[in-house]
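# Chains, contacts and geometry: an overview
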Amino acid sequence: MKYIVTGGAGFIGSHIVDALIKDGHKVLIIDSLVTGKKENINPKAEFHKVDIINENDIEPLFKGVDGVFHTAALARIQPSFENPDSYFKANAVGTRNVLMCAKKHGVKRVVYSASSSAYGTTALPTVEDVRISSQSLHPYGSTKRMGEMLMSDLGIMTGGPETVCLRYFNVYGPRQTTEADGAYPTVIGLFLGLLKKKKPLTIVPDGHQRRDFTWVGDVVNANISAMKSKKVGKAEIINIGSGENYSIWDVARLILDVSKKTTEKAARRGEPRSKISERELIKSGKCIMAPQRRGEVRETLADISKAKKLLGWEPKMKFEKGIKELLKMQS
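Residues numbered from 1 in each chain as written. Predicted model: local features only at pLDDT ≥ 70, side-chain atom pairs only at ≥ 80, totals over all residues. Heavy atoms only, no water.

### Re the nonpolar core
Ile12, Phe69, Leu166, Ile238, Ile240 and Leu311 are the most contacted members of the largest nonpolar core, which totals 39 residues. When contributions to this core are tallied by element, the ones reaching two or more residues are strand 1 (2–6), helix 1 (11–22), strand 2 (26–30), strand 6 (162–168), helix 7 (216–228), strand 11 (234–240) and helix 11 (305–311). When near neighbours in sequence (up to four residues on either side) are disregarded, Phe69 contacts Tyr3, Ile4, Val5, Thr6, Ile16, Leu20, Val111, Asn223, Ile224 and Met227. Leu201, Ile276, Leu281 and Cys287 belong to the second largest nonpolar core, which has 24 residues in total. (Core = buried A, V, L, I, M, F, W, Y, C linked by side-chain atoms within 4.5 Å. Buried < 20%, exposed > 50% of the residue type's maximum accessible area, 1.4 Å probe, protein only. Helix = DSSP H or I, 4+ residues; strand = E, 2+ residues; numbered from the N terminus. Contact = heavy atoms within 4.5 Å.)

Right, here's the structure in full:
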């Protein structure tokens, strides 16, 4: 098969490219390299440095393409407050252009990288048909929601391609953004970058926010399942998460590997191992508190029953193992 991966030099997109190449498919990468990285580009893929906001530049590349994995976007919540128009162009106009080019050249299906940021604050675990407030928490979430609407409006009901929307929950793994990539990296990438530099981990008050963290390899599998599944294609919105969540303090403890070991007596009593307190982590200088950030929800947790039903997908990587894998790669 011949596939396009928009944003194929980015975090998630580059992993999708690698999986497709490994399976023997021909892959075209479309990436402006605004946030994507040259070192992420698979040398066996055909790379085109173009921006999806320019329809005329990307349109010829869609000829003879079977499917599109649309991961290109401006990400992160905080920068979207500073540059909302740039986010609208990349995430809404860019998505519109991808769909129009796909329609013109008869591409069968587009799998869209949506975001759980579109939910805002909802009951947990969050199901896809929950009512979403019209007032978004931030421009990033709004523009990703616009992309979902375009997947419906410009999809098969108006003669366009089949479409599927995957709402990711806090993706982490190799190639994630770190402190070295500028302000507002993902929390796990930030912590790993700080750990490597032997700096204290920065905890945004109060650290008890909880997130549903999802391994990038599981996200790749969800994308490939969404491209193949015969049960989707009508702009379905599907949660892609782990179905579990952890606090930011949990993440810090795992990364610092500072949990105290269970004593023999405690083990015989079946007691769980004790953990170093938050106060001790701060007092020791291993963690410091950082200013509060705008647009952050208190907790995320995905209901993934729809993904199991329509895609035959469920996550395989346990969070603790994923963190250990990343620490091993960094050592």
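Picking up where we left off.
### Brief notes about the layout of surface pockets
In this structure, the second largest pocket spans a volume of roughly 410 Å³. Contributing to the lining of the second largest pocket are 17 residues, with Gln176, Thr178, Leu192, Lys196 and Gln330 lying nearest its centre. Put simply, the parts of the chain that give the lining of the second largest pocket at least two residues each are helix 6 (187–196) and helix 12 (319–330). Of the residues belonging to the lining of the second largest pocket, the class tally is 5 nonpolar, 6 polar and 6 charged. (1 Å grid on protein atoms, 1.4 Å probe; cavity = no way out; pocket = protein on both sides within 12 Å on 5 of 7 lines; lining within 4 Å. Points joined across faces, edges and corners; volume = space filled by probe spheres on them. Nonpolar A, V, L, I, M, F, W, Y, C, P; charged D, E, K, R; others polar.)

### A short note on the packing of aromatic side chains
Inspection of every chain in the model, using the stated rule, returns 8 aromatic pairs. Summarising the aromatic geometry, the rings of Tyr172 and Trp215 are spaced 5.3 Å apart at their centres and angled 75° between planes, so their arrangement reads as edge-to-face. Here Tyr172, found in strand 7 (residues 171–172), pairs with Trp215, found in strand 10 (residues 214–215); they are 43 residues apart in sequence, far enough to count as distant. What makes Trp215 buried here is its relative accessible area of 12%. In this arrangement the basic side chain of Arg167 is found over the ring face of Tyr119, its NZ or CZ atom lying 4.4 Å from the centre. Across from the ring centre of Phe81, 3.9 Å away, lies the NZ or CZ of Arg294, which sits over that ring. (Phe/Tyr/Trp six-rings, centres within 6.5 Å; stacked < 30°, edge-to-face > 60°. Lys NZ or Arg CZ within 6 Å of the ring centre and 35° of its normal.)

### As for helix 5 (residues 139–153)
Spanning 15 residues, helix 5 covers 21 Å between terminal C-alpha atoms, matching the ideal 21 Å at 1.5 Å per step. Elements in contact with the buried residues of helix 5: strand 4 (67–70), helix 3 (78–82), helix 4 (84–104), strand 5 (109–115), strand 6 and strand 11. (Expected span 1.5 Å × (residues − 1).)

### Regarding the pattern of salt bridges
One pass over the structure, following the stated rule, counts 14 salt bridges. Two residues, Arg175 and Asp18, come together in a salt bridge whose shortest N-O distance is 2.8 Å. Note that Arg175 is positioned in the loop between strand 7 and helix 6 and Asp18 in helix 1, a separation of 157 residues in sequence. Between Asp206 and Arg298 there is a salt bridge whose closest N-O contact spans 3.0 Å. Taken together, the residues span a long stretch of sequence, with Asp206 in the loop between strand 8 (201–203) and strand 9 (210–211) and Arg298 in the loop between strand 13 (287–289) and helix 11 at a distance of 92 residues. (Salt bridge = Lys/Arg side-chain N within 4 Å of Asp/Glu carboxyl O.)

### What about the packing of helix 1 against helix 7?
Following both chains from N to C, one finds helix 1 and helix 7 inclined at 60°, their axes separated by 9 Å at the closest point. Here helix 1 and helix 7 pass one another in a crossing that is right-handed. Contact with helix 1, carried on its side by Phe11, Ile12, His15, Ile16 and Ala19, involves Val216, Val219, Val220, Asn223 and Ile224 of helix 7 and no other residues of that element. When the residues that make up the contact of helix 1 with helix 7 are grouped by side-chain class, the tally is 8 nonpolar, 2 polar and no charged. (Axes fitted to C-alpha atoms, helices over the stretch in contact; angles between N-to-C directions. Left-handed = near helix turned anticlockwise from the far one by under 90°.)

### Quick notes on the packing of helix 4 against helix 5
At a minimum axis distance of 9 Å, the contact between helix 4 and helix 5 shows a crossing angle of 15°. With respect to helix 5, the axis of helix 4 lies roughly parallel. In this structure, the crossing between helix 4 and helix 5 has a hand that is right-handed. Contact residues: helix 4 offers Pro84, Tyr87, Phe88, Asn91, Ala92, Thr95, Arg96 and Leu99, while helix 5 offers Pro139, Tyr140, Thr143, Lys144, Met146, Gly147, Leu150 and Met151. Classifying every residue of the contact of helix 4 with helix 5 by side-chain character gives 10 nonpolar, 4 polar and 2 charged. (Parallel < 35°, antiparallel > 145°, perpendicular 65-115°, else oblique.)

### Quick look at the environment of Ile240
In this fold, Ile240 is placed in strand 11. With 17 residues separating them in the primary sequence, Ile240 and Asp257 have C-alpha atoms 28 Å apart. With near-sequence residues (within four places) excluded, Ile240 lies in contact with Leu166, Arg167, Tyr168, Phe169, Thr214, Val219, Ala222, Ala307, Leu311 and Trp313.

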